[in-house]
Amino acid sequence: MIDESLAALSDTLFSISVGLYSLAVVAFCAELAFGRSVRGRTEQLVAAGGVPAQPPVDAPAAGEPVEPARARRLGLVAMVLTGLGAVTHAGVLVARGMATDRLPWGNMYEFATAVVLVAVVAYLVLAVRAPSLRHIGVFLLAPVVLSMVLIGLFLYAEAGPLVAALRSSWLAIHVSTATIGFGIFFVSGIASVLYLVRTRRDATVAAGASTGASAAPSLLDRLPTAAALDRTAHRTAVFGFPIWTFAVIAGAIWAESAWGRFWGWDPKETWAFIAWIVYAAYLHARTTAGWRGRPSAWINIVGLVVMIFNLLFVNLVSTGLHSYGGV
Amino acid sequence: MTATAPPRPAAPASPPSPPSPGRRVAGRLLRWWRQLTAMRTALILLFLLAVAAIPGSLLPQRSLSRSDVAGYLAEYPTIGPWLDRLYLFDVFSSPWFAAIYLLLFISLIGCVVPRAIEHGRSLFTPPPTAPRHLQRLPESAALSTSLAGPAALDVVEEELRVRRFRVVRREGRSGPEVSAEKGYLRETGNVLFHLSLLALLLGLAGGKLWGYEGSILVTEGQGFCNAFQQYDTHRSGPLVDGEDLSRLCVDLEDFEAVYEENLTAASYTADISWELDGADPVGTTIGVNDPLRVGGDRVYVTGHGFSPVFSIARPDGQTFTDLSAPFLPADLGTMLSQGVLKVPDLGAGSTEQLAIEGFLAPTGVLEAGFLTSINPRPLDPKVGIDVYTGYLGLDSGLPQSVYALDREQIDRGLLNRVARTNLAIGESTTLPDGTVVTFSGLKEFAALQVSHDPGQVWVLGASIAVLVGLLGMLLVRRERVFARSGPAPDGGGTVLSIGSLTRGSADTGPRFTSLTEDVQAALAARADAPASTPAARGHGPAPDEEAPPS
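All values reported here derive from a predicted model rather than from experimental measurement. (Residues numbered from 1 in each chain as written. Chains lettered and ligands numbered in written order. Predicted model: local features only at pLDDT ≥ 70, side-chain atom pairs only at ≥ 80, totals over all residues. Heavy atoms only, no water.)

### Observations regarding the overall build of chain B
Here is step 1: In terms of helices and strands, chain B carries 10 helices and 24 strands.
Here is step 2: Against the globule reference of 24 Å for 550 residues, chain B gives a C-alpha radius of gyration of 38 Å, more extended than a compact globule.
Here is step 3: If one aligns the C-alpha atoms of chain B with their principal axes, the spans along those axes are about 125 × 70 × 50 Å.
Here is step 4: Here chain B holds 550 residues, and the buried ones make up 45% of them.
Here is step 5: For chain B, restricting intrachain contacts to residue pairs at least 6 apart in sequence, the fraction spanning at least 24 positions comes to 65%.
Here is step 6: Surface summary for chain B: the accessible area is close to 27700 Å², and the carbon and sulfur share equals 58%.
Here is step 7: In chain B, 45 side chains carry a positive charge and 58 a negative one; their mean positions are 19 Å apart. (Helix = DSSP H or I, 4+ residues; strand = E, 2+ residues; numbered from the N terminus. Rg over C-alpha atoms; globule rule 2.2 N^0.38 Å. Buried < 20%, exposed > 50% of the residue type's maximum accessible area, 1.4 Å probe, protein only. Contact = heavy atoms within 4.5 Å. Areas by Shrake-Rupley, 256 points an atom, 1.4 Å probe, with all protein chains shown as cover. Lys, Arg positive; Asp, Glu negative; His and termini not counted. Charge placed at Lys NZ, Arg CZ, Asp CG, Glu CD.)

Now the structure itself:
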């Protein structure tokens, strides 16, 4: 039995979350903009050394521009908005779950919404633990807002009961872990993209310094250091990989009792396998001479692309056993 | 898959005489072996494996749906056969896919086996000797104390043992020293992870060789036994002997599909009775997510549908009742189904054969003369049928689908349509020759599947081991701590240098600080005069502190 008022509340909360995240993006942008006014120490370090300076990662104050109080306040506002957004975002799923009296990840709309929530929460945890990572906020929340809008527009599904195949306790195990893994890989992929951006910026600055010309100041200087970004990408991937492995194994166990075989190269299974391979390659590449740094960051990004492809293409275009809830 | 290439013995620069052909071949093989087992090769093979799996998801695969492949071949007659020649419709059993993963696993063996041996050896050898310059380690500190050198090292050793380090004392070249190590589980996890992947592959292969599955549509009240000739379709591994199948028989007593208010399927359950090796039948209920597991076999409900029941009355008085054939659901939402009933024998005196082809709607409505279904439950069953008479081609020697007519006989004019009509239950139509066809009822059938995979328990065990190894390798940090005591430069007391090296964690600083603080407190407590002060504490060159996965 569907509780219509709760279902409507869930939809309202979805819109509120999008609004809060959008405001957070604006606040993060403002923080970046006002944070530029006092800078210089980084550039001096770079100019003196002639190489991209990489100050100690865990001591952000050493190499980063001093933050004006106004920027810090804006940053705090942005974080609070993001946190509020995450709360209402969680409310979307809770209300859905209560409206339908089941776990709220039974179709693509709910699954994708949950993945984005995991990504936001992962970012909040990172940003609280290492405040210098807060500055990736705008680069993370902008894709989050975009994803939410696309989810709302194209994946929305009315609250409804689960199809028979999904009525299993494995839904709680397999889909939850897949959601968590995906959400963490999302953050990891963004960190790798920013790492690529940051290393290119560093190279530009270094080239400018070696020729005596000073590179034009850029918002990119406000990003965490390349080393910090690389390490964030790696740590999140290290955290997500066993979860994803577990999700795939749990999926195989479920498939054994639902479809008669634990692995059958269903399109979703195939792409889950491909993603697993790519992330395994990423973790290996990061310790292989010649693959560290930018090449391994690219592999991580490929991993995220594969995850997104697996969500969108496999469910929307190809036909397989993972087609539920209308898509 | 060694993370960093170990130093290899350099080839002799100018051999005194040209090596014998045998040695040249051996040398080349060794070089190939080293290239294959290099991490870079493993990475490339990983990528190839990922890329090779892609066509398996984009093109129809025989292992998933033979009819989709046939449809694709019919749609693309030029490129289709070429793709087929390249095994692109059987990607996951193709030789090139196998080549990639076998190379990958050989590469893995070549890397992980030496590493496992090395690790096994290190478990029984004490931690390595301390490096000469401890202050060059990523974390290092120097503490001064009034204690004598050996006593100061005793304190360090105690602190390390409390922290569950494996500790060894040595008389080094530059003074007495302590080496300590912990976190062996990290490398154990690494080795376990990679060896379990091999075990997983073996379990998979075993399951493919000795496993089988058979599918059959069973109407309520009927049953089947576990034998290949009884199944509608079956697939079996090359080492399966058809005689060795378990003697399992299953009867379908009742099938029930339950729907929610909005017609979402809530459950499919089948009441079955089964018997093994001729023992007494046992009744049980199976359903989606809930198969019967008995004697290494599993019985699943994979689908359901309806069989329309017809009766035929010939003009000469002969009647045939209870003729039915399963119609396959074309739309799972409304259970609009499609199929054909073939009646090859219309009794003595008739050479003609008859077929009823068309649609079945469990809750049928006619829209502009077309039959559609609005509900998956059989509330008002209707059929929309074409009746053919003539020659069905069943004895032509060519296999034909039981769910479709042989179009060739129609094209050749041997099989002709004699009626087209929509019938509700109880209604009938009269053919030109006076034969009366009546739609008399509906039966429900279940699609059952029997699966046997002796490898799957191994695969499950191996995948759990993969996960355990992965957790060990990603979560455990391996730490080495070295300490050395020496006389203080100003002559009073001892200077204790401590250094540490960690793999698998970023937060080494705080842990090292806590260690040195504890050591210092213990030194101070041990010495009568707490004169020790931290002399220096430095950061060495940062190592790659994160996990090497392999």
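Picking up after the structure, the text goes on.
### Description of the sheet that holds strand β7 (residues 248–259) of chain B
All names here are of chain B.
Here is step 1: Taken in spatial order, the four strands line up as β5-β7-β8-β9 in an open sheet, and their pairing is antiparallel. The strands lining the two open edges of the sheet, one partner per strand, are β5 (223–225) and β9 (282–287). This sheet shows a mean twist of 30 degrees between the axes of neighbouring strands, independent of strand direction.
Here is step 2: Pairing of β5 with β7 involves three bridges; the strand directions are antiparallel. Residue pairing for β7: Gly 223 is matched across the bridge by Asp 251. (Pairing = 2+ DSSP bridges. Axes fitted to C-alpha atoms, helices over the stretch in contact; angles between N-to-C directions.)

### Concerning the interface of chain B and chain A
Here is step 1: Contacts between the two partners involve 57 residues from chain B and, on the opposite side, 50 residues from chain A.
Here is step 2: For the chain B and chain A pair, buried surface summed over both sides reaches about 4400 Å², with 68% attributable to carbon and sulfur atoms.
Here is step 3: Our count for the contact surface shared by chain B and chain A stands at three salt bridges.
Here is step 4: A salt bridge links Glu 256 of chain A to Arg 293 of chain B, with the nearest nitrogen and oxygen atoms 2.7 Å apart.
Here is step 5: If you look at where chain B meets chain A, you find 12 residue pairs in polar contact (both at pLDDT 80 or more).
Here is step 6: If you list the elements that add at least two residues to the side of chain B that touches chain A, you get α2 (39–58), α7 (184–210), β8 (265–276), β11 (297–313), β21 (436–452) and α9 (456–475) of chain B.
Here is step 7: Here the side of chain B that touches chain A gets 11 residues from one element, more than from any other, and that element is α2 of chain B. (Buried area = accessible area lost by both parts, 1.4 Å probe. Salt bridge = Lys/Arg side-chain N within 4 Å of Asp/Glu carboxyl O. Polar contact = N/O pair within 3.5 Å; in protein donor to acceptor, adjacent residues only side chain to side chain.)

### Quick notes on a negative patch on the surface
Here is step 1: On the surface, a cluster of negative charge is contributed by Asp 251, Glu 253, Asp 254 and Glu 256 of chain B.
Here is step 2: Here Asp 254 of chain B is to be found in strand β7. (Patch = residues over 30% accessible without salt bridge, like charges linked within 9 Å, V, L, I, M, F, W, Y side chains within 5 Å.)

### Quick look at unusual backbone geometry
All names here are of chain B.
Here is step 1: At Tyr 87, a residue that is not glycine, the phi angle is positive and equals roughly 65 degrees.
Here is step 2: Counting through the fold element by element, Tyr 87 comes out in the loop between α4 (79–85) and α5 (95–123).
Here is step 3: A relative accessible area of 38% means that Tyr 87 is categorised as partly exposed.

### As for the packing of helix α6 (residues 137–155) of chain A against helix α7 (residues 170–210) of chain A
Residues and elements named next belong to chain A.
Here is step 1: In contact at an axis separation of 10 Å, α6 and α7 are set at 130 degrees when each is read in the N-to-C sense. By the angle between their axes, α6 is oblique relative to α7. For α6 against α7, the interelement crossing comes out right-handed. Of the residues in α7, those touching α6 at Phe 139, Leu 140, Pro 143, Val 144 and Ser 147 are Phe 186, Val 187, Ile 190 and Leu 194. (Parallel < 35°, antiparallel > 145°, perpendicular 65-115°, else oblique. Left-handed = near helix turned anticlockwise from the far one by under 90°.)

### Things to note about the nonpolar core
Here is step 1: In this structure, Tyr 21, Val 144 and Trp 244 of chain A are the most contacted members of the largest nonpolar core, which totals 124 residues.
Here is step 2: It is helix α5 (residues 108–129) of chain A that provides the largest number of residues to this core, a total of 15 residues.
Here is step 3: Apart from the residues lying within four places of it in its own chain, the contact partners of Val 144 of chain A are Tyr 21, Val 116, Val 120 and Phe 186 of chain A.
Here is step 4: Trp 274, Ile 356, Val 437 and Val 450 of chain B belong to the second-largest nonpolar core, a separate cluster that totals 50 residues. (Core = buried A, V, L, I, M, F, W, Y, C linked by side-chain atoms within 4.5 Å.)

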